[in-house]
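Single-letter residue listing:
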Amino acid sequence: MSTTELLKGAAELFPDEVVTSAHVRHLDLPFNAGRFALITLDNGFDHTKPTTFGPASLANLNAAIDQVEKEAAAGEIIGVGVTGKPFIFAVGADLKGVELLKEHKDALAIGKGGHEVFKRLSALAVPTFAYYNGAAMGGGVEVGLHCSYRTVSASLPAFSLPEVFLGLVPGWGGCALLPNLIGADKAVSVIIENSLNQNKQLKGVQVYELGIADALFEGADFLEQSLIWTASVLKGEIVVDRPVIDRGEAWDQAVAKGRFIADSKVHGAAPAAYRALDIIAAAKNGDLQQGFDAEDKALADLIMGGELRAGIYAFNLVQKRGKRPAGAPDKSLARPVTKVGVVGAGLMASQLALLFLRRLEVPVVLTDIDQERVDKGVGYVHAEIDKLLGKGRINQDKANRLKALVSGVLDKAEGFSDADFIIEAVFEEIGVKQQVFAEVEAVAPAHAILATNTSSLSVTEMASKLKNPERVVGFHFFNPVAILPLLEIVRGEATDDAALATAFGVAKKLKKTAVLVKDAPAFVVNRILTRFMGEIQNVIDEGTPVAVAEKAVEPLGLPMSPLVLLELVGPAIGLHVSETLNRAFPDRFTVSPNLAAVVKAGKRGFYVYDSGKPELDPEVAALLRQGDVVLSEEQVRARVLDAVAQEIGLMLDEGVVAEAQDVDLCLITGAGWPFHLGGITPYLDREGVSQRVNGKPFLAPGVASVPA
Amino acid sequence: MPRTVRDVVFVDGVRTPFGKAGPKGIYHETRADDLVVKAIRELLRRNPGLDPKKIDEVAIAATTQIGDQGLTLGRTAGILAGLPQSVPGYSIDRMCASALTAVTTAAGSVAFGAYDAVIAGGVEHMGRHPMGEGVDPNPRFVSDKLVDESALFMGMTAENLHDRYPTITKQRADEYAVRSQEKAAKAYANGKIQQDLVPISVRNTNAEVGETGWGLVTADEPMRPGTTLENLAGLKTPFRVHGRVTAGNAAGLNDGATASIIASEEFAREHDLPVRMRLVSYAFAGVEPEVMGYGPIPATEKALAKAGLSIEDINLFEINEAFAVQVLAFLEHYGIADDDARVNQYGGAIAYGHPLASSGVRLMTQLARQFEEQPEVRYGLTTMCVGFGMGATVIWENPHHKDAGGDK
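Residues numbered from 1 in each chain as written. Chains lettered and ligands numbered in written order. Predicted model: local features only at pLDDT ≥ 70, side-chain atom pairs only at ≥ 80, totals over all residues.

## Re the overall build of chain A
Part 1 of the argument: Within chain A, the regular secondary structure consists of 31 helices and 19 strands.
Part 2 of the argument: Radius of gyration (C-alpha) of chain A: 28 Å, near the 27 Å computed for a compact globule of 708 residues.
Part 3 of the argument: Across its three principal axes, chain A shows a C-alpha extent of roughly 85 × 60 × 50 Å.
Part 4 of the argument: Once local pairs closer than 6 in sequence are excluded, the contacts in chain A between residues at least 24 apart make up 75%. (Helix = DSSP H or I, 4+ residues; strand = E, 2+ residues; numbered from the N terminus. Rg over C-alpha atoms; globule rule 2.2 N^0.38 Å. Contact = placed C-beta atoms within 7 Å.)

## Quick word on the overall build of chain B
Part 1 of the argument: Each helix and strand in chain B was counted, giving 12 helices and 12 strands.
Part 2 of the argument: Over its C-alpha trace chain B gives a radius of gyration of 20 Å, about what one expects of a compact globule, namely 22 Å for 408 residues.
Part 3 of the argument: Dimensions of chain B, computed from C-alpha atoms along their principal axes, come out at roughly 60 × 55 × 50 Å.
Part 4 of the argument: A buried classification covers 59% of the 408 residues belonging to chain B. (Buried ≥ 20, exposed ≤ 12 C-beta atoms within 10 Å, placed from the backbone.)

## Focus: the nonpolar core
Part 1 of the argument: Judged by nonpolar contacts, the single largest core of 366 residues is most densely connected at Ile-280 and Ile-489 of chain A together with Ile-262 of chain B.
Part 2 of the argument: Not counting chain neighbours up to four residues away, the residues in contact with Ile-280 of chain A comprise Cys-175, Pro-179, Ala-184, Ala-187, Val-188, Ile-191, Val-255 and Gly-258 of chain A. (Core = buried A, V, L, I, M, F, W, Y, C linked by C-beta atoms within 7 Å.)

## Thoughts on the interface of chain B and chain A
The extent of an interface is frequently quoted as the accessible surface area lost upon association of the parts.
Part 1 of the argument: On the chain A side, the residues contacting the 16 residues of chain B number 19 residues.
Part 2 of the argument: Of all the elements in the fold, those that place two or more residues in the side of chain B that touches chain A are helix H1 (32-46), strand S6 (200-204) and strand S7 (213-217) of chain B.
Part 3 of the argument: Examining the composition of the side of chain B that touches chain A, we find that four residues originate from one element, S7 of chain B, more than from any other.

## Let's talk about helix H12 (residues 359-373) of chain B
Residue and element names in this part refer to chain B.
Part 1 of the argument: Taking 1.5 Å per residue, 15 residues should reach 21 Å; H12 reaches 22 Å between its end C-alpha atoms and fits that length.
Part 2 of the argument: In terms of residue burial, H12 counts as a mostly covered element, since 12 of its 15 residues are buried.
Part 3 of the argument: Along H12, the positions that sit buried rather than exposed are Ser-359, Gly-360, Val-361, Arg-362, Leu-363, Met-364, Thr-365, Gln-366, Leu-367, Ala-368, Gln-370 and Phe-371. (Expected span 1.5 Å × (residues − 1).)

## Some remarks on the sheet that holds strand S11 (residues 364-367) of chain A
Residues and elements named next belong to chain A.
Part 1 of the argument: The sheet built from eight strands is open, its strands ordered S12-S11-S10-S13-S14-S15-S16-S17 with mixed pairing. On the outer flanks of this sheet lie strand S12 (406-409) and strand S17 (513-518), each paired with one strand and no other. Each neighbouring strand pair of the sheet contributes to a mean axis angle of 25°, computed without reference to strand direction.
Part 2 of the argument: Relative to strand S16 (residues 486-491), strand S15 (residues 472-477) runs antiparallel, the two sharing five bridges. Pairing of His-476 across the sheet is with Glu-488, part of S16.
Part 3 of the argument: Relative to S16, helix H21 (residues 497-509) is tilted by about 175°, and along the sheet it contacts strand S13 (421-424), strand S14 (449-452), S15, S16 and S17. (Pairing = 2+ DSSP bridges. Axes fitted to C-alpha atoms, helices over the stretch in contact; angles between N-to-C directions.)

## Some points on unusual backbone geometry
Part 1 of the argument: For the bond running from Asn-479 of chain A to Pro-480 of chain A, omega is -5°, close enough to zero to count as cis.
Part 2 of the argument: Mapped onto the elements, Pro-480 of chain A comes out in the loop between S15 and S16.
Part 3 of the argument: Unlike most non-glycine residues, Asp-272 of chain B shows phi in positive territory, near 55°.
Part 4 of the argument: Here Asp-272 of chain B lies in the loop between helix H8 (265-270) and strand S9 (277-286).
Part 5 of the argument: Backbone geometry at Asn-344 of chain B places phi at a positive 40°, although glycine is not the residue there.
Part 6 of the argument: For Asn-344 of chain B, the position within the fold is in the loop between helix H10 (324-334) and helix H11 (349-352).

## So, the domain arrangement of chain A
Part 1 of the argument: For chain A, the domain assignment lists domain 1 (3-304), domain 2 (331-518) and domain 3 (525-655).
Part 2 of the argument: Of note, the centres of domain 1 of chain A and domain 2 of chain A, computed from C-alpha atoms alone, are 46 Å apart. (Domains from an automatic or database assignment.)

## Some thoughts on the packing of helix H1 (residues 3-12) of chain A against helix H2 (residues 55-73) of chain A
Residue and element names in this part refer to chain A.
Part 1 of the argument: Packing of H1 against H2 leaves a shortest axis separation of 8 Å and a crossing angle of 155°. Here H1 lies roughly antiparallel to H2, going by the angle between them. Crossing geometry of H1 relative to H2 is assigned as left-handed. Residues Thr-3, Thr-4, Leu-7, Lys-8, Ala-10 and Ala-11 of H1 form the contact with H2, whose own contacting residues are Pro-55, Ala-56, Leu-58, Ala-59 and Asn-62.
Part 2 of the argument: Broken down by class, the residue content of the contact of H1 with H2 amounts to seven nonpolar, three polar and one charged. (Parallel < 35°, antiparallel > 145°, perpendicular 65-115°, else oblique. Left-handed = near helix turned anticlockwise from the far one by under 90°. Nonpolar A, V, L, I, M, F, W, Y, C, P; charged D, E, K, R; others polar.)

## Quick word on the pairing of S12 of chain A
Residues and elements named next belong to chain A.
Part 1 of the argument: By the alternation rule, side chains of S12 split into Val-406 and Gly-408, which are all buried, and Ser-407 and Val-409, of which none is buried.
Part 2 of the argument: Inspection of the sheet shows S11 paired to S12 by four bridges, in the parallel sense. Counted as the bridge partner of Val-364 is Val-406 from S12.

## Let's talk about the sheet that holds strand S4 (residues 88-90) of chain A
All names here are of chain A.
Part 1 of the argument: Ordered by their spatial adjacency, three strands build an open sheet running S4-S6-S8, and the pairing between neighbours is parallel. Of all strands in the sheet, those with a lone pairing partner are S4 and strand S8 (159-160), marking the two edges.
Part 2 of the argument: Relative to strand S6 (residues 135-137), S4 runs parallel, the two being bridged by two bridges. Across the sheet, residue Ala-90 finds its bridge partner in S6, namely Ala-136.

## Section: the packing of helix H25 (residues 571-584) of chain A against helix H26 (residues 593-600) of chain A
Residues and elements named next belong to chain A.
Part 1 of the argument: Taken N-terminus to C-terminus, the directions of H25 and H26 make an angle of 140°; their axes are 9 Å apart at the nearest point. By the angle class used here, H25 and H26 are oblique. Classified by chirality, the crossing of H26 by H25 is left-handed. Contact residues: H25 offers Pro-571, Ala-572, Gly-574 and Leu-575, while H26 offers Leu-595, Ala-596, Val-598 and Val-599.
Part 2 of the argument: Counted by class, the contact of H25 with H26 contains seven nonpolar, one polar and no charged residues.

## As for the pairing of S7 of chain B
A regular strand places its side chains on the two faces of the sheet in alternate fashion.
Residue and element names in this part refer to chain B.
Part 1 of the argument: Most of S7 is tucked away, with five of its five residues classed as buried.
Part 2 of the argument: Judged from the five bridges that link them, S6 and S7 form a sheet pairing that is antiparallel. Each residue of the ladder has a partner; that of Asn-204, found in S7, is Gly-213.

## Quick notes on the environment of Pro-375 of chain B
Residues and elements named next belong to chain B.
Part 1 of the argument: In this fold, Pro-375 is placed in the loop between H12 and strand S11 (379-386).
Part 2 of the argument: Looking at Pro-375, the number of C-beta atoms within 10 Å reads 13, which means it is partly exposed.
Part 3 of the argument: Sequence spacing of Pro-375 and His-400 is 25 residues, and the spatial spacing of their C-alpha atoms is 5.1 Å.
Part 4 of the argument: With residues near it in sequence (within four places) discarded, Pro-375 still touches Asn-398, His-400 and His-401.

## Some thoughts on the UniProt feature "domain: 3-hydroxyacyl-CoA dehydrogenase NAD binding" (unreviewed entry) in chain A
Part 1 of the argument: Following the UniProt record, one finds the feature "domain: 3-hydroxyacyl-CoA dehydrogenase NAD binding" (unreviewed entry) at residues 339-519 of chain A.
Part 2 of the argument: Strand forms 21% of residues 339-519 of chain A and helix 45%; the C-alpha atoms that close the span are 26 Å apart. (UniProt positions renumbered as here; feature names shortened; annotations may be inferred.)

Here it is, written out as structure tokens:
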């Protein structure tokens, strides 16, 4: 089948493609170097809608290459360039088109179609040049890799091969070409390490330093300087000298490093990184066509596999649903927040004060029960500001401004009388919190929102004794506050729309991913994590060795093992939450006597790290009282997953969140659950757990899976 | 405090290729500030001896100082060009002689000792900012008969100048225009112009105009090599029925930018910067606004008098060709032949175009190149007419001349 027919067939499957044009324009290069054809990739929209490649877009590029190929063969031009519209080079394949694919042969056609078009750029009768003027990702990067030369703008903000992050491989030449251009080690960093490191982006300077681009020019006259450079290259005045690639042991070591990184990030739970590494390993012999064929195959397999669909699902959750929270009231109802009060000056409260200060840049006042605590809280914020200053993240003026905005007082009336938003982060005890809110209500203005950072107490109960319970809202952050994006916004029974809208408005300014949650015990993340941990504890208590229980859940690709997580949270807090949930749902949530013993003994965790690796603390081992039921890893995994599926099913029935999507969004952004698995529900559906436990999948076919 | 007036030199000048204003012009989708920014950057690349930190001022001219020509362009262009934030800047306007005034104002400050090195240039995107955009002339101009109604229409003032010089016929103006095109084409063929042009990338999204996508401009768009008298004879005279001024014997409406480095001679020598021209004197003069094209004559008289020179001492002329008649009036006044070889050797604005506030530096850049080629010439001048009845003249000495720097 010809490339044209291939792409035509693919285009029929994707009628809503935002089609990218490939404009061919001719120009005279400086220094009388000759006539040149420059192809501009442009979808006709401004930079807020980046240029992508679907089948019709590829067909346009193919037609443009038809034209320049003839001109090159006829000697009418001496070179061909490719660049993008302002601020954007091209950001790769259009994911919407990928989501629609239902059959392996169609998926194969997409991979093959891209290859067939792009590789023509390396087969023209004249040299080809890519000018990375702006954001370049995936297929955008790969178009340039097929060219003879590349330049990059120092202003380029984002450059990546993010395929592995999404659950794909760089399949339009990236896996085969990049290691052959810059060596396997650097290629593994770009393709594997950056992708698995939350899709880390390269800047223009790094693209040049890695050797991906042959020349770096400042953004102000990037294209002019690129074309002048092109003229010099074509006249032979500049000879591009690329370092020789080590095709020996270094190549194998790089691939091994990649596998190590993949193992430590996804624990074998997602295939994309491994498929990419296989192709990189094979690319050692320099046979590009063999690499391209392997890419086609890998791409098609992955597109038809669940992991990619889960990856795209997660991407859409974070990029779209995370920015337009389901169920949030109209934002016009939100009240302005010009001053923030924080009740408590402990570590959590101080971290919150710092976050509000940095993002809202309004006065933030801390209160506590004695001057020493208040001073310590303000001192913490000042020290953090100094750290930012030291790292050059803020300048002296900004540091002065922020320090002047934060203050601490003992008298709540003095601190909160003109505050618009007051958040409490005091001891997790309902009586204490009710007392604090009563005091705050007595001195705060009538319009002020009263927010609680409680992780497990009832917001409704907390508000119940107030004159105006409608202004109380749950505002539950996740530790570390500065890093984890999730904010569970809890609507109590009395909470009104204005309070809720204000909370969502503040969340947006804090740059948090807000999810609306019903006032139910432990809300979303802690409830699922506690049920999950509880089941692990149960099997340990019943007799399964700790190591087996820990290993059983590795395929979930969690950021850390359950007991390491427990250590991070603090066994005492873990125990406290399990007690709270046990009171709410005694039939499903247990309180582990072993955990209680560990807490009682004052242990901070289960492991010691003396050998450099976690090993069960002998003192903890001595405390454990286990039964005699020893389960296999499979059995443990089944029990844990069943428990999680049951809990999520019940939460959806209770209306804790609007949809299963919100559960996954919470787990990804609040607990670091794996992006490439789409959180948890796509995995539970795919593994048949949802069907087994709840009699139905959480998500309709096609939402995070191959459409029916 | 004792003061010494310091010698001021023209170090280097560059410009963008000039474009035709309007939707079909090469710069239709290009911002004015980007044009001048790219000129400044090229200037700095060409003169690595000039540490950007040592630039004391960025004086950028624009006639219509709004939109992408507003916001105190000298300052914003400096930041956009990547100059250190410590380098200040300002905007300047004297319509057609704006860039020339940027140079003289900067030069005056250098001579005084306030600055060592300055970027001076100008930009006019007449496609984005047509002449007269947003103006609000005081009604008293007309009610009090301060100026003739034709004063605001440059083409009409050119017709008025023909009236003042009855011997300057349309035929003579057309012949002059044909020569300007010929000289410009020859200068291009000999590579005299391109060496000081900054290539500009341009985007076109309108298929009706031509190929779409990004392109590169490396040559002036307005030029019409091969123009003949016959071509010009039939052109309309839009400013007066049976008039003499046509699109063919006048500069067009254009987009473009220029930039130059002006420095004290001492600074230039110390930093190994080229010394292309030494400033001798400058002068501005006002005339009746309705014959603004007469302006260069009194301005030149003043400048010559200040320099203690006479017109015979000047052996190279760069006269802005806003209109052929205005050049011819100048030549007729001084008894110089229409086709004198010392005048506009590379052709002029009739061929290249005249993006108002940028043109002065183009004249200087070309004169500097001619000085290099003709060390036997000691003095040259750049002169322009200015809207609302003004003239502007700068006299330069050729540093390559054997007696340069000495007494006359």
